[in-house]
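Below are the chains, spelled out letter by letter.
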Amino acid sequence: MEEYVKVDINNYVNEILKNSTVIEAEKFARIIAKQGIEGEEVISWSIDQNNTAIIEKKDTVKKDEKGNLGWIVIKADEDGNPIIDSNGHDNRWIIDNETFNKKYESDGKDSLLYKPKGGVQKFVQIKDNIILNQWGSDMKIAKGGYINITNKDDLYGISKRDFEDTYKIVNNIQKNSPKL
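As for the layout of surface pockets
Step number 1: Of the pockets and cavities examined, the largest pocket occupies roughly 1100 Å³.
Step number 2: Of all elements in the fold, only β4 (41-47), β5 (53-60), β7 (92-95), α2 (97-103), β10 (120-125), β14 (156-158) and α3 (160-166) reach the threshold of two or more residues within the lining of the largest pocket.
Step number 3: With 5 residues, the single largest contributor to the lining of the largest pocket is α2.
Step number 4: By residue class, the composition of the lining of the largest pocket is 16 nonpolar, 17 polar and 17 charged.

Thoughts on unusual backbone geometry
Step number 1: We note that N51 has phi near 65°; this positive angle belongs to a residue other than glycine.
Step number 2: Position of N51 among the secondary structure elements: in the loop between β4 and β5.
Step number 3: According to the relative accessible area criterion, N51 is partly exposed, its value standing at 39%.

A look at the sheet that holds strand β11 (residues 130-134)
Strand pairing in a sheet takes place through backbone hydrogen bonds and is either antiparallel or parallel in direction.
Step number 1: The sheet built from 3 strands is open, its strands ordered β1-β11-β12 with mixed pairing. Only two strands of the sheet have a single partner each, and these edge strands are β1 (5-6) and β12 (137-141).
Step number 2: Summarising the sheet, β11 and β12 pair through 5 bridges and their orientation is antiparallel. By the bridge assignment, N133 is partnered in β12 with D138.

What counts and how
Per chain, the residues get numbers from 1 upward, laid out in the order the sequence is written. Residue-level local features of this predicted model are given only where pLDDT is at least 70; pairs of side-chain atoms are given and counted only at 80 or more, and the full residue set underlies all totals for whole chains, interfaces and linings. To get the side-chain values, all heavy atoms of the structure are used, and hydrogens and water are removed first. In the cavity and pocket records, a cavity denotes points on a 1 Å grid over the protein atoms alone where a 1.4 Å probe fits but cannot get out, a pocket denotes an open set with protein on both sides within 12 Å along at least 5 of 7 lines, and lining residues are residues with an atom within 4 Å of a point. Grid points are joined across faces, edges and corners, and a volume is the space filled by probe spheres set on the points. Secondary structure counts use DSSP, requiring at least four H or I residues in a row for a helix and at least two E residues in a row for a strand, with both numbered from the N terminus. Note on residue categories: nonpolar means Ala, Val, Leu, Ile, Met, Phe, Trp, Tyr, Cys or Pro, charged means Asp, Glu, Lys or Arg, and polar means any other residue, Gly included. Only protein chains enter the accessibility calculation, which uses a 1.4 Å probe; a residue whose area is less than 20% of its type maximum is buried, one above 50% is exposed, and one in between is partly exposed. Pairs of strands are assigned from DSSP output, requiring at least two bridges between the strands.

Put into structure tokens, the structure is as follows:
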């Protein structure tokens, strides 16, 4: 079993930025999404370097301060079907309502399919097996994954597999400043 170390995301990113390249990438993947039911549990699966299934994160659907429920989202293929990994898991997670509405919009073809809004985002690649506390719960990310550093107030991790299924790299930049 691979060892994972809990890290502070800001300190970890600042250490990576000292000797690493910033990757610019644009999200292209669509998702299947619906608002969840309060208390509904969602398990997000990923894989480690050996293609072994790991529980990336367990979370439950909650209401935000405005009373809106979070969204359960599943990564979709080009035809709008759930992407199933080699271990038989779909890739699902919870996004709070405000973030969902900032990042996604209906694709206009199917009431459950959404396409990304936005543009180019910035990432650094993870050098270790880590555990991040993001959005109130711990998430395991295997070495080779990425941390989105586009917004220093909203840093978050993504596995290598999910990054490759979701983003297209558009540029690599050598970082001049060692801090966020």
